[in-house]
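So the chains spell out like this:
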Amino acid sequence: MAINTVIPKKNRNIDDSFYREMKFVRMRTENLNFYYGKKQALKDININIYQNHSTAIIGPSGCGKSTLIRLFNRMNDLVPNTRIEGGIYLDDKDINGPKADVVEIRRKVGMVFQKPNPFPKTIYENLSYGLKIQGINDKTLIEQKVVESLQKAALWDEVKDRLHDNALGLSGGQQQRLCIARCIAVEPEVILFDEPCASLDPIATAKIEELIEELEKYYTIVIVTHNMQQASRVSEYTAFMYLGELIEFGKTEKIFTVPKEKKTEEYLSGKFG
Amino acid sequence: MRKNDIIQQAGFILLLLSTLITLFFLGAILYFVFIRGIGVISWEFLTEVPRRAMTQGGVAPAILGTFYLVMGAILFALPLGLACAIYLCEYSPKSYVLNIIRLSINNLAGVPSVVFGLFGMAVFVNYFGFGVSILSGSLTLAMLILPSIISASQEALIAVQHSLREASFALGATQWQTIKKIVIPTALPGILTGVILSVGRAAGETAPILFTAATFYKRGYPDSIFSEVMALPYHIFALMTEGTHPEKQTAIAYGCALILLILVTMVSGLAIYIRQKSRRAYGH
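Computed from a prediction, not measured in an experiment: that's the story for all the values here. (Residues numbered from 1 in each chain as written. Chains lettered and ligands numbered in written order. Predicted model: local features only at pLDDT ≥ 70, side-chain atom pairs only at ≥ 80, totals over all residues.)

Q: Explanation requested: the overall build of chain B in the structure shown.
A: Scanning chain B from terminus to terminus reveals 11 helices and two strands. Scanning chain B from its N terminus toward the C terminus, one meets helices and strands in the order α-α-β-β-α-α-α-α-α-α-α-α-α. Dimensions of chain B, computed from the C-alpha atoms along their principal axes, are close to 70 × 70 × 35 Å. Considering chain B as a whole, with its 284 residues, one finds that 39% of them fall into the buried category. Long-range pairs, those at least 24 residues apart, make up 76% of the contacts in chain B with a sequence separation of at least 6. (Helix = DSSP H or I, 4+ residues; strand = E, 2+ residues; numbered from the N terminus. Buried ≥ 20, exposed ≤ 12 C-beta atoms within 10 Å, placed from the backbone. Contact = placed C-beta atoms within 7 Å.)

Q: Got a minute to help me understand the packing of helix α5 (residues 139-152) of chain A against helix α7 (residues 172-185) of chain A in this structure?
A: Angle between the axes and distance between the axes are the two parameters that describe a pair of packed helices. Residue and element names in this part refer to chain A. Following both chains from N to C, one finds α5 and α7 inclined at 130°, their axes separated by 8 Å at the closest point. The orientation of α5 relative to α7 falls into the category oblique. For the pair α5 and α7, the sense of crossing is right-handed. Every residue of α7 that contacts α5 at K145, V146, S149, L150 and K152 is listed here: A181, I184 and A185. (Axes fitted to C-alpha atoms, helices over the stretch in contact; angles between N-to-C directions. Parallel < 35°, antiparallel > 145°, perpendicular 65-115°, else oblique. Left-handed = near helix turned anticlockwise from the far one by under 90°.)

Q: Could you clarify how one ought to interpret the domain arrangement of chain B in this entry?
A: Where interface size is given, it is often the accessible area lost as the parts come together that is meant. All names here are of chain B. Partitioning chain B into domains gives domain 1 (2-39) and domain 2 (44-282). Using C-alpha coordinates to define each centre, domain 1 is positioned 31 Å away from domain 2. Taken together, the six residues of domain 1 in the interface contact six residues of domain 2. A per-class count over the side of domain 1 that touches domain 2 returns three nonpolar, two polar and one charged. (Domains from an automatic or database assignment. Nonpolar A, V, L, I, M, F, W, Y, C, P; charged D, E, K, R; others polar.)

Q: Help me understand the interface of chain A and chain B in this model?
A: With 21 residues of chain A in contact, the opposing surface of chain B contributes 18 residues. Those elements giving two or more residues to the side of chain A that touches chain B turn out to be α3 (102-108), β7 (109-112) and α4 (123-132) of chain A. Per-element accounting of the side of chain A that touches chain B gives the leading share, three residues, to α3 of chain A. The residue makeup of the side of chain A that touches chain B, split by class, is 12 nonpolar, five polar and four charged.

Q: Please explain unusual backbone geometry as it appears in this structure.
A: Residues other than glycine predominantly adopt negative phi, and peptide bonds predominantly adopt the trans conformation. Residue and element names in this part refer to chain A. In the Ramachandran plot, E195 falls in the positive-phi region, its phi being about 45° despite a non-glycine side chain. Tracing the backbone through its elements, the reader meets E195 in the loop between β8 (190-194) and α8 (202-215). Given 20 C-beta atoms within 10 Å, E195 falls into the buried group. Of note, the phi angle at L243 is positive, near 50°, even though the residue is not glycine. With respect to the helices and strands, L243 occurs in the loop between β10 (237-242) and β11 (245-251).

Q: Would you mind showing me how to read helix α5 (residues 113-127) of chain B here?
A: In an α-helix, one full turn covers 3.6 residues, which means residues spaced three or four apart are oriented alike. Residue and element names in this part refer to chain B. Here α5 contains 15 residues, and its C-alpha end-to-end distance of 20 Å stays within 8% of the 21 Å for a straight helix at 1.5 Å per residue. Of all the bends in α5, the greatest measures close to 30° and is centred on G120. Along α5, the residues that are buried comprise F116, G117, G120, F124 and V125. Buried residues along α5 sit against α6 (134-159) and α9 (207-210). In the stretch just after α5, G129 is the one whose phi turns positive, near 70°. (Expected span 1.5 Å × (residues − 1). Bend = angle between axes of the 7 residues up to and from the residue.)

Q: Can you walk me through the pairing of strand β9 (residues 220-224) of chain A in this structure?
A: The two faces of a sheet get side chains in turn, since along a regular strand they alternate between them. All names here are of chain A. Burial analysis of β9 places five of its five residues in the buried class, which makes it a mostly covered element. Residue alternation in β9 divides its side chains into two sets, T220, V222 and V224 and I221 and I223, and both sets are buried. In this sheet, β9 lies alongside strand β4 (residues 54-58) in parallel orientation, the contact comprising four bridges. Residue pairing in the sheet places S54 in a bridge with I221 of β9. Tracing the backbone out of β8, into α8 and back to the parallel element β9 gives a crossover that is right-handed. (Pairing = 2+ DSSP bridges. Right-handed = clockwise from strand over helix to strand, strands pointing away.)

Q: Sorry if this is basic, but what is going on with the packing of α7 of chain A against α8 of chain A here?
A: Residue and element names in this part refer to chain A. The interhelical angle for the contact between α7 and α8, taken along N-to-C directions, is 20°, at an axis separation of 9 Å. Our classification of the angle between α7 and α8 gives roughly parallel. You can see that α7 and α8 cross each other, and the crossing is right-handed. In this structure, α7 contributes G172, G173, Q176, R177 and I180 to the contact, and α8 contributes A204, K207, I208 and L211.

As structure tokens, then:
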């Protein structure tokens with residue numbers, strides 16, 4: 001098992017090659033099984049999510065990739081009749097353990113969803129929401145965070161003149177970048193992307209991909225996608241899942257050029273999926 | 001081919017006819033009430049107390065009484081109904097018990113209003129000793145509109161997309177924060193629409209206030225929540241069934257009916273306006 005250390009926030013903007021070489025495991029699962037009622041959706045998953053790297057999870061529809069990523073911030077708590085066996089660890093602490101604080105976990109592990117889901121409020125309110133629920137009331141601080149997260153999400157120039165307009169007036173791609181900004185505003189350490197471009201056109205998709213690559217410098221990223229090109233473009237590690245099992249996991253260039261498993265090769269060459 | 005055309009044409013005419021008949025009755029009611037009622041409406045009619053055994057003066061105490069009763073009913077029913085809907089939608093475990101509770105609430109909406117009136121008399125007037133008063137009447141009307149407020153609120157809460165709740169939870173919000181800051185504000189237009197439609201219903205009901213709040217004649221205006229009041233629907237009923245000058249009273253009754261219709265139409269118009277506005281603001 002790898003060493004677990006958190007890079008202090010203040011160091012995030014400096015050269016991180018040292019940390020990249022070290023490969024800290026930020027999250028991992030241990031013999032993870034997951035059931036919807038009697039149906040087993042995940043079988044014996046063992047995967048490492050490395051600090052400040054991006055990991056793509058690919059596989060055909062229904063392979064369990066969305067189920068897996070939603071377990072990383074306990075979003076499946078909201079689904080009735082589910083059962084987890086095995087462990088999911090964030091910094092070596094079991095996130096489903098008795099001492100785990102789900103609110104704190106979700107603050108550390110942010111999520112961007114398949115369909116843009118901005119609140120039907122103003123752009124500003126969308127971004128300040130996450131801070132306000134933490135009890136932060138300092139207006140200057142909130143404003144600073146709002147601007148900062150919009151800049152990081154490459155949305156600032158497009159919305160700076162209409163921060164107090166309803167967020168639903170934005171285009172689909174802008175809405176998704178707003179959701180990314182909203183996630184960044186609460187300073188998560190890991191960001192989960194669940195097929196973030198599934199409902200977007202190619203131009204909006206390109207912008208989001210560019211953004212995700214940029215965000216890798218500051219965050220640990222997990223991205224679920226059914227688009228193999230997207231996985232190869234944005235991720236350093238790739239996990240291939242099939243029928244609830246993790247078939248292969250490794251460096252993206254290795255998975256895409258010399259896959260070890262026959263199933264992986266078949267999927268990547270378009271024989272099924 | 002020809003035969004099908006004829007059937008198609010006949011079906012179309014039948015449907016059109018049904019719509020026209022419905023519209024005719026609606027129009028006829030409005031026309032009838034308007035023609036018979038407009039004659040007595042005047043500034044004096046709207047602002048003064050009745051005089052000379054109801055044959056002169058105005059119906060201001062009845063208008064005010066209806067206003068008090070409706071406001072009181074909303075004051076009781078809205079918080080209770082909303083809280084109940086939130087519990088049922090957001091907190092209670094999904095089970096067959098929940099379905100039974102929902103079914104009971106829906107059945108409550110089907111209980112005849114005179115039964116609520118009797119219940120109100122037995123419980124609020126006699127048992128709690130509030131007497132025949134605004135308080136008793138408001139509480140009885142609140143019981144009456146509670147089911148529709150709960151149903152409307154439930155529908156509005158369920159209509160809030162799950163993805164918004166997920167977004168809120170994913171930012172580290174608790175369930176209560178999510179409900180308070182995301183779910184309720186998003187559902188508010190729907191809830192308000194339900195409330196406003198209930199206002200229309202409460203304003204027009206006679207039976208629930210018959211034994212709990214209303215009086216045929218009262219000198220001056222009510223001075224506390226324990227006063228009995230005049231109310232428009234009961235006033236119409238009383239004018240048509242009691243009194244000594246039926247020919248003059250009938251005209252006044254139609255005048256009251258017209259005022260009641262206008263009030264309810266205004267309230268419904270407000271509901272439609274809010275709904276339209278919120279649809280635009282929330283993009284659905």
